[in-house]
Amino acid sequence: MNLAIFGGTFDPIHTGHLEVARAARREYFLDRILFIPASQPPHKPGRCAASYEHRLEMVRLACAEHPAFVASQLEGPAGDGSRNYTIQTIRRVAAHLSPHDRLFFIIGADAFAEITTWYRWRQVTMEVEFIVVSRPGYTLDESALPPGAMVHWLRSVHSNVSSTEIRRRLENGQSTRGMLPAPVARYISRSHLYRRGRVGARRKAAVQ
Ligand code: ATP
Ligand code: MG
């Protein structure tokens, strides 16, 4: 079996993520892709805009339409409040694999460029095969590759969708058409997510 881990904050999950996953599945004959939202992303300072529960639910909704995509709680909140590190996630997943299985790790070019800042990054690069996906505005820098790392380059994705841009648009009441899977867009609207800025802006306008 070819299994892949696809981690992120997914705050929220968007059509760019799905395009990445679809391209990786096609290209590397992946049988299953585990979408793993991080409850406490170690690589991202500051807090997420939406709670872990909301982000996980949105990942579930996005994965529901694709038989090979699975929403995973492997990086859910730890009982003792400790952080989840990628190396632990990889080892937990690898523990269930058979000798002939292959374990991939899907990652965008922006995130891969920072891999040397990850906890135990050398081990990480030895224990999975990376699928590094192109992202507009970021280059795939092969010279930065750690020696011994197994890296595949997937250059066919040209999505410029990002969660940051989606959050910004939602805060400003702008359209996110084409950026969100329909069930996720409905969930965001129903749950009043990513509206803090709007409420704040309205309040500010009222006191001026
Ligand atoms: P944010 O703007 O909040 O950082 P994001 O859109 O980058 O959100 P993440 O949850 O941070 O989404 O990303 C999870 C993974 O998906 C990362 O490896 C990231 O590089 C990759 N990724 C996200 N969007 C794209 C995209 N449009 N093209 C290629 N890779 C992407
Ligand atoms: Mg990101």
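Quick notes on the rules
- Residues numbered from 1 in each chain as written.
- Chains lettered and ligands numbered in written order.
- Predicted model: local features only at pLDDT ≥ 70, side-chain atom pairs only at ≥ 80, totals over all residues.
- Heavy atoms only, no water.
- Helix = DSSP H or I, 4+ residues; strand = E, 2+ residues; numbered from the N terminus.
- Axes fitted to C-alpha atoms, helices over the stretch in contact; angles between N-to-C directions.
- Parallel < 35°, antiparallel > 145°, perpendicular 65-115°, else oblique.
- Left-handed = near helix turned anticlockwise from the far one by under 90°.
- Contact = heavy atoms within 4.5 Å.
- Nonpolar A, V, L, I, M, F, W, Y, C, P; charged D, E, K, R; others polar.
- Pairing = 2+ DSSP bridges.
- Core = buried A, V, L, I, M, F, W, Y, C linked by side-chain atoms within 4.5 Å.
- Buried < 20%, exposed > 50% of the residue type's maximum accessible area, 1.4 Å probe, protein only.
- Polar contact = N/O pair within 3.5 Å; in protein donor to acceptor, adjacent residues only side chain to side chain.

## Section: unusual backbone geometry
With an omega dihedral of 5°, the bond running from Asp-11 to Pro-12 counts as a cis peptide bond. Position of Pro-12 relative to the elements: it lies in the loop between strand S1 (2-8) and helix H1 (15-28). Here Phe-29, not a glycine, exhibits a phi torsion of approximately 50°, which is positive. Tracing the sequence through the fold places Phe-29 in the loop between H1 and strand S2 (32-37).

## A few points about the packing of helix H2 (residues 52-63) against helix H7 (residues 182-190)
Think of two packed helices as two axes; the pair is described by the angle between the axes and how far apart they sit. For the pair H2 and H7, interaxial distance at closest approach is 8 Å and the crossing angle is 150°. Relative to H7, the element H2 lies roughly antiparallel. Crossing of H2 over H7 shows right-handed handedness. Each of His-54, Glu-57, Met-58, Leu-61 and Ala-62 in H2 lies in contact with H7, whose residues at this interface are Pro-183, Val-184, Tyr-187 and Ile-188. Looking at the contact of H2 with H7 residue by residue, the class counts come to seven nonpolar, one polar and one charged.

## Looking at the sheet that holds S1
Strands sit in the order S3-S2-S1-S4-S5-S6 across an open sheet of six strands; the sheet is parallel. Either end of the sheet is taken by a strand with one partner, and the two such strands are strand S3 (69-71) and strand S6 (150-154). Sheet twist, expressed as the mean angle between neighbouring strand axes with direction ignored, is 25°. By the bridge criterion, five bridges tie S1 to strand S4 (residues 102-108) in an arrangement that is parallel. Each residue of the ladder has a partner; that of Leu-3, found in S4, is Leu-103. Strands in contact with H1 are S1, S2, S3, S4, strand S5 (129-133) and S6; relative to S6, the strand with the most contacts, it is inclined by about 115°. Docked against the sheet, helix H3 (residues 86-94) engages S1, S2 and S4, running at close to 150° with respect to S4.

## Regarding the nonpolar core
Across soluble globular proteins, you tend to see nonpolar side chains buried next to one another. Grouped together as the largest cluster of nonpolar side chains are 36 residues, with contacts concentrated most on Leu-30, Ile-33, Phe-35, Ile-106 and Ile-131. Broken down by secondary-structure element, the contributors of at least two residues to this core are S1, H1, S2, H2, S4, S5, helix H6 (163-171) and H7. The greatest single-element share of this core, amounting to six residues, is contributed by H1. Residues contacting Leu-30, with those up to four places away along its chain left out, are Asn-2, Ala-4, Ala-24, Arg-25, Phe-104, Ile-106 and Ile-131. Ile-87, Trp-121, Leu-140 and Trp-153 belong to the second largest nonpolar core, which has 23 residues in total.

## Points about the side chain of His-14
Among the structural elements, His-14 can be located in the loop between S1 and H1. Separated by 3.0 Å, the side chain of His-14 and the backbone nitrogen of Gly-16 make a polar contact. Each residue touching His-14, except ones within four places of it in the same chain, is listed here: Val-161, Ser-162, Ser-163, Ile-166, Met-179, Leu-180 and Pro-181.

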